[in-house]
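Residue-level structural notes
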Amino acid sequence: MSADNQFPQWEVFIQSKTGLPFKHAGNLHAADAELALQNARDLYTRRQEGTSIWVVPTDQIVASNPDDSDAFFDPAEDKIYRAATYYTMPEGAKHI
Amino acid sequence: MTVDEALVKYCLRLGDDAMILGHRLSELCSKGPYLEEDIALTNISLDLFGQTRMMYTTAGELEGKGRKEDDFAYNRLEPEFENVLLVEQPNGHFGNTIARQLIFSVFYYHLFSELKNSPNENLAAFAAKSVKETTYHMRHSAEWVVRLGDGTEESHWRIKDALNEIWSYRHELFEQDEVDTTLVEAGLIPDTTTLKARFENSIKEVLDRATIDEVAEGWKATGGRRGHHSEYLGHILPIFQSIPRTYPDSTWS
Amino acid sequence: MEDVNKLEAFQAKIDREEKIEPKDWMPADYRKHLIRQISQHAHSEVVGMQPEGQWISRAPSLRAKVVLLAKVQDEAGHGLYLYSAAESLSISRDELLEQLHTEKAKYSSIFNYPTLTWADMGAVGWLVDGAAIVNQVSLQRTSYGPYSRGMVRICKEESFHQRQGYEVISDMALGSPEQKQMAQDALNRMWWPSLMMFGPHDADSPNTGNATKWKIKRETNDELRQKFIDKTVQQAEVIGLTIPDPDLKWNEERGHYDFGKIDWSELKEVIHGCGPCNKQRLNHHRKAHEEGAWVREAANAYAQKQRDKKKVA
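Below: a short report on this structure. Computed from a predicted model, the values in this text were never measured in an experiment.

Another aspect to go through is the overall build of chain C. Along the backbone of chain C there are 13 helices and two strands. Counting only C-alpha atoms and orienting by the principal axes, one finds that chain C spans roughly 70 × 50 × 35 Å. Counting all 313 residues of chain C, 59% fall into the buried class. Once local pairs closer than 6 in sequence are excluded, the contacts in chain C between residues at least 24 apart make up 77%. For chain C, the accessible surface area stands at approximately 13500 Å², while carbon and sulfur atoms represent 53% of it.

Okay, here's the thing in structure tokens:
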């Protein structure tokens, strides 16, 4: 048997309720977008997990490299002033 | 025939169609052309068994003799089933399965689209739920007919062949006997002659996309609605009903 | 020689209970071990569809039918989740299937036993899924991210599987005399093979060393087996069935059940292809795959045509 005819891979994102962000659910193989969508529905929403589905060809996803993670993410470490809890509010102030 | 009697029969027929096709598809579990598609076929089967249960339960309640869903599924003999012959036809290869599904789903899509407006609450609720499922089944089989038709040379002749073979079985879906006319006159169900053009248009759209020019006309399948079946049902029911029939003194949940 | 620094960083990450992700550096043996384990797990789900699948047509009630069908369908789904976890380690689905078909990859031997009566649908769910769940719950904490996420999803979905099985077998155990007899017979046949699902005793297990250090495995075979026995004995008692092990008895001191000696020679036979259904299961899978080839080709051809049309347009 040869490496017969593997379909391209698709990443599946599911929105569980309207208004919520789409969340990565997993992936699957399908020959084209329509079949990918149908199979995603059958595979990842059997238990009412979804109201909407995105499928994206896996090879179209651009991912950051783990080797870059220090350069990418550590610089945010000392910028805690981006969080609300960084600030001291005068005692008694409300609704802020 | 009273309207109530006709209603019971009508529900049983809807249930029988769904059950036998649900059974056929369930036979394919673990035999799909690839794993993702295996799951898709099982989903359709599960939808159909859900429809079966709803219709048998309704029939039992309307009949008022205390019969439950399993009494209809397991305790009737071949001639008492009034499903169309279409649903008994063997799975064959994937193209045969898909061709059979297309005809079934397109017909029921158009039927349920009307039936959901029935003044009969049971039928309306059933159709409203089922039309959603059937819309998906129709899309699934249509997209596959298109891919097989416009895929490879081999897949083209296979699906064409399959459609030629099964096409004759559509007639029965439109047949109307006393059960139907009684309910049509009472305004509870649509007259299937009004669905014919829509059915044929939908099929034609799919065939066009599938690059299939023409489907052969064969014999005019008939008999199922009178309990006269193809030989296949006689092989389905003994397996389907084997456990309760072998152990009549036991109950099963 | 693999880079020592990388190896140290890798181990440190695992020791901190952080997950390893597909693009992270990992030792070749870690990758190899995972591919072997995950693919075996995936194949087990998929081949495991057959012994239950062959009873769908004969389910004794419509309710039992849809439940079983949904369950077997889940197994297909779980196979897919696991294949995709394996694929993230740079092996293709086609390669994985080829390994199955050429018997280079294994699947759980339990599925080479036949399912002979409806009671087996109870025993399989109760014991086989029960044993699998003990293992899978533990694997939710495995160090490889995609495998761990797959396990979390699978455990969530499988919670109904064992209940389905236990419901079938308890209804039968508490039913007519012939039902009770079928239930006991199913337990007799499935009990020991279920215990063997956890693999050889720790002392005889050649792969445990690195797997534990790398936290692929979180608990040993014997620990998991004991867990399974401890929770199952009571469930058998409640429904009046007898576990076929005369040496089974509560050990106050250990706080566990002691149990009899497992006959490993039988398992070895089954692993080496002498189980009653080995050939049958593999042939079934090969046949479906081969018969589906023209369908997959058609789908690919159609997709290619659509892409070509787009280019022209």
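Before going further, it helps to spend a moment on the overall build of chain B. On a plain count of helices and strands, chain B comes out with 11 helices and zero strands. The helix and strand sequence of chain B, counted from the amino end, reads α-α-α-α-α-α-α-α-α-α-α. Since a compact globule built from 253 residues should have a radius of gyration of about 18 Å, the 18 Å found for chain B is in line with a globular shape. Projected onto the principal axes, the alpha-carbon positions of chain B cover approximately 55 × 45 × 30 Å.

Moving on, we get to helix H8 (residues 178-185) of chain B. All names here are of chain B. All of the buried residues in H8 are Val179, Asp180, Thr182 and Leu183. Projected down its long axis, H8 shows its buried positions confined to an angular sector of 165°, all on one face. In the core, the buried residues of H8 are packed alongside helix H1 (3-26). Its side-chain oxygen 3.0 Å from the backbone nitrogen of valine 179, aspartate 177 forms the N-cap of H8.

All names here are of chain A. What the three strands build is an open sheet, ordered S2-S1-S3; its pairing is antiparallel. With partners counted over all chains shown, the strands left at the sheet margins are strand S2 (23-29) and strand S3 (52-57), one partner each. For this sheet the average axis-to-axis angle between neighbouring strands, irrespective of direction, equals 30°. Looking at chain direction, strand S1 (residues 9-15) and S3 are connected through six bridges and run antiparallel.

Contacts between chain C and chain B engage 47 residues on the former and 51 residues on the latter. The junction of chain C with chain B conceals about 4000 Å² of combined surface from both sides, 67% of it contributed by carbon and sulfur atoms. Taken together, the connections running from chain C to chain B amount to two salt bridges. Of the charged contacts, one joins C:Lys305 and B:Asp150 as a salt bridge, the two residues approaching to 3.0 Å between their closest N and O atoms. Remark: the boundary between chain C and chain B carries 14 residue pairs in polar contact (both at pLDDT 80 or more).

This brings us to the packing of helix H5 (residues 121-149) of chain B against helix H6 (residues 153-167) of chain B. Residues and elements named next belong to chain B. Viewed as axis vectors pointing N to C, H5 and H6 meet at an angle of 130°, and their least axial separation amounts to 7 Å. Overall, the two elements H5 and H6 adopt an arrangement that is oblique. Here H5 contributes Val145, Arg147, Leu148 and Gly149 to the contact with H6, which in turn contributes Ser155, His156, Ile159 and Leu163. Across the contact of H5 with H6, the residue classes tally to four nonpolar, three polar and one charged.

Before going further, it helps to examine the packing of aromatic side chains. The final tally for this structure, using the stated rule, is 28 aromatic pairs over all chains. Aromatic side chains A:Phe7 and B:Tyr34 sit 4.9 Å apart centroid to centroid with 75° between the ring planes, which places their arrangement in the edge-to-face category. Here A:Phe7 is found in the segment before S1, whereas its partner B:Tyr34 is found in the loop between H1 and helix H2 (35-63) on a different chain. The same class applies to A:Phe7 as to B:Tyr34, namely buried. Members of the aromatic cluster, connected to one another through ring pairs, are B:Phe104, B:Phe107, B:Tyr108, B:Phe112, B:Phe126, B:Trp167, B:Phe174 and B:Phe199.

What follows covers helix H8 (residues 177-196) of chain C. Think of an α-helix as turning once every 3.6 residues; residues three or four places apart then point the same way. Its 20 residues place the ends of H8(C) 30 Å apart at the C-alpha level, agreeing with the 28 Å of an ideal helix rising 1.5 Å per residue. Bending of H8(C) peaks at approximately 35° at the position of C:Met190, with proline C:Pro193 no more than four residues after it.

Rules used in this analysis
Residues numbered from 1 in each chain as written. Chains lettered and ligands numbered in written order. Predicted model: local features only at pLDDT ≥ 70, side-chain atom pairs only at ≥ 80, totals over all residues. Heavy atoms only, no water. Helix = DSSP H or I, 4+ residues; strand = E, 2+ residues; numbered from the N terminus. Buried < 20%, exposed > 50% of the residue type's maximum accessible area, 1.4 Å probe, protein only. Contact = heavy atoms within 4.5 Å. Areas by Shrake-Rupley, 256 points an atom, 1.4 Å probe, with all protein chains shown as cover. Rg over C-alpha atoms; globule rule 2.2 N^0.38 Å. Arc of directions from axis to C-beta. Polar contact = N/O pair within 3.5 Å; in protein donor to acceptor, adjacent residues only side chain to side chain. Pairing = 2+ DSSP bridges. Axes fitted to C-alpha atoms, helices over the stretch in contact; angles between N-to-C directions. Buried area = accessible area lost by both parts, 1.4 Å probe. Salt bridge = Lys/Arg side-chain N within 4 Å of Asp/Glu carboxyl O. Parallel < 35°, antiparallel > 145°, perpendicular 65-115°, else oblique. Nonpolar A, V, L, I, M, F, W, Y, C, P; charged D, E, K, R; others polar. Phe/Tyr/Trp six-rings, centres within 6.5 Å; stacked < 30°, edge-to-face > 60°. Expected span 1.5 Å × (residues − 1). Bend = angle between axes of the 7 residues up to and from the residue.

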